Amino acid sequence: MTSIEREFQIAPIVQESVVHNSRTLFNLQSLTASLFGVGAGILGLESYYGFLFYIICSLLTTLLFYVLRVAPSSLPAGKGAFDTSQYFRSPYEFWTGGLLNGLAGFILTWTLFFGLVRA
């Protein structure tokens, strides 16, 4: 038995659970991207300030998701400080995957509420 097989017997990763976790994070990021667009439109942010607002808020949302949902169970299991491999496919998918996924919803609600407030 190889070390990889032994590791999967000790802590198996179920693909369906990883897909469910990714879908849950995607839904959270899509919803919050629209809410961030509402906030940026009401605040009247333009150009780079609006996109900077989106990037900062999205990363903050992901960090809060990590602190509240991922870290309490991965840190006691002996994983690294920002290791998400137990629940997600890759750290890139977890930390930055939502930036592009929610961008269209952000821009849509940003321009809508910017136009409504400034009209």
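Residues numbered from 1 in each chain as written. Predicted model: local features only at pLDDT ≥ 70, side-chain atom pairs only at ≥ 80, totals over all residues. Heavy atoms only, no water.

- Named according to an unreviewed UniProt entry, the protein is ER membrane protein complex subunit 6 originating from Cercophora scortea.
- Note on the protein: under the UniProt heading Subcellular location (unreviewed entry), the record states "Endoplasmic reticulum membrane".
- What UniProt states about the protein under its Sequence similarities (unreviewed entry) heading is, verbatim, "Belongs to the EMC6 family." (UniProt positions renumbered as here; feature names shortened; annotations may be inferred.)

1. A word on unusual backbone geometry
Next, step 1: For Ser47, which is not glycine, the phi torsion reads 55° and is therefore positive.
Next, step 2: Relative to the elements of secondary structure, Ser47 occurs in the loop between helix H2 (15–43) and helix H3 (48–74). (Helix = DSSP H or I, 4+ residues; strand = E, 2+ residues; numbered from the N terminus.)

2. Let's talk about the confidence of the model for the protein
Reading fine detail from the predicted coordinates is not recommended where pLDDT is low.
Next, step 1: In the predicted model, the protein carries a mean pLDDT of 86, and the fraction of residues at 70 or more is 91%.
Next, step 2: At the level of individual helices and strands, the protein shows its lowest average pLDDT in helix H1 (residues 3–10), which scores 65, and its highest in helix H5 (residues 103–118), which scores 95. (pLDDT = per-residue confidence, 0-100.)

3. Comments concerning the packing of H3 against H5
Next, step 1: Two elements in contact, H3 and H5, have axes separated by 12 Å at closest approach and are oriented at 130°. With respect to H5, the axis of H3 lies oblique. When you trace H3 past H5, the crossing you get is right-handed. In this structure, H3 contributes Gly50, Phe51, Phe53 and Tyr54 to the contact, and H5 contributes Leu103, Phe106, Ile107 and Trp110.
Next, step 2: Classifying every residue of the contact of H3 with H5 gives seven nonpolar, one polar and no charged. (Axes fitted to C-alpha atoms, helices over the stretch in contact; angles between N-to-C directions. Parallel < 35°, antiparallel > 145°, perpendicular 65-115°, else oblique. Left-handed = near helix turned anticlockwise from the far one by under 90°. Contact = heavy atoms within 4.5 Å. Nonpolar A, V, L, I, M, F, W, Y, C, P; charged D, E, K, R; others polar.)

4. Here's the deal with the UniProt feature "transmembrane region" (unreviewed entry) in the protein
Next, step 1: The UniProt feature table records "transmembrane region" (unreviewed entry) at residues 51–71 and 92–117.
Next, step 2: Across residues 92–117, the secondary structure splits into 96% helix and 0% strand, with the terminal C-alpha atoms separated by 36 Å.

5. Quick word on the packing of H2 against H5
Next, step 1: In the contact formed by H2 and H5, the axes pass within 7 Å of each other and the chain directions differ by 30°. It follows from the interaxial angle that H2 and H5 lie roughly parallel. At the point where H2 passes H5, the crossing takes the right-handed sense. The residues of H5 that touch H2, namely those facing Ala33, Ser34, Phe36, Gly37, Val38, Ala40, Gly41, Ile42 and Leu43, are Gly105, Phe106, Thr109, Trp110, Phe113, Phe114, Val117 and Arg118.
Next, step 2: For the contact of H2 with H5, a count of residues per class yields eleven nonpolar, five polar and one charged.

6. Remarks on a nonpolar patch on the surface
Next, step 1: Taken together, Leu60, Leu63, Leu64, Val67, Leu68 and Phe82 make up a surface patch of nonpolar side chains, about 590 Å² in accessible area.
Next, step 2: Here Leu63 lies in helix H3.
Next, step 3: The exposure class of Leu63 is partly exposed, given its relative accessible area of 36%. (Patch = residues over 30% accessible without salt bridge, like charges linked within 9 Å, V, L, I, M, F, W, Y side chains within 5 Å. Areas by Shrake-Rupley, 256 points an atom, 1.4 Å probe, with all protein chains shown as cover. Salt bridge = Lys/Arg side-chain N within 4 Å of Asp/Glu carboxyl O. Buried < 20%, exposed > 50% of the residue type's maximum accessible area, 1.4 Å probe, protein only.)

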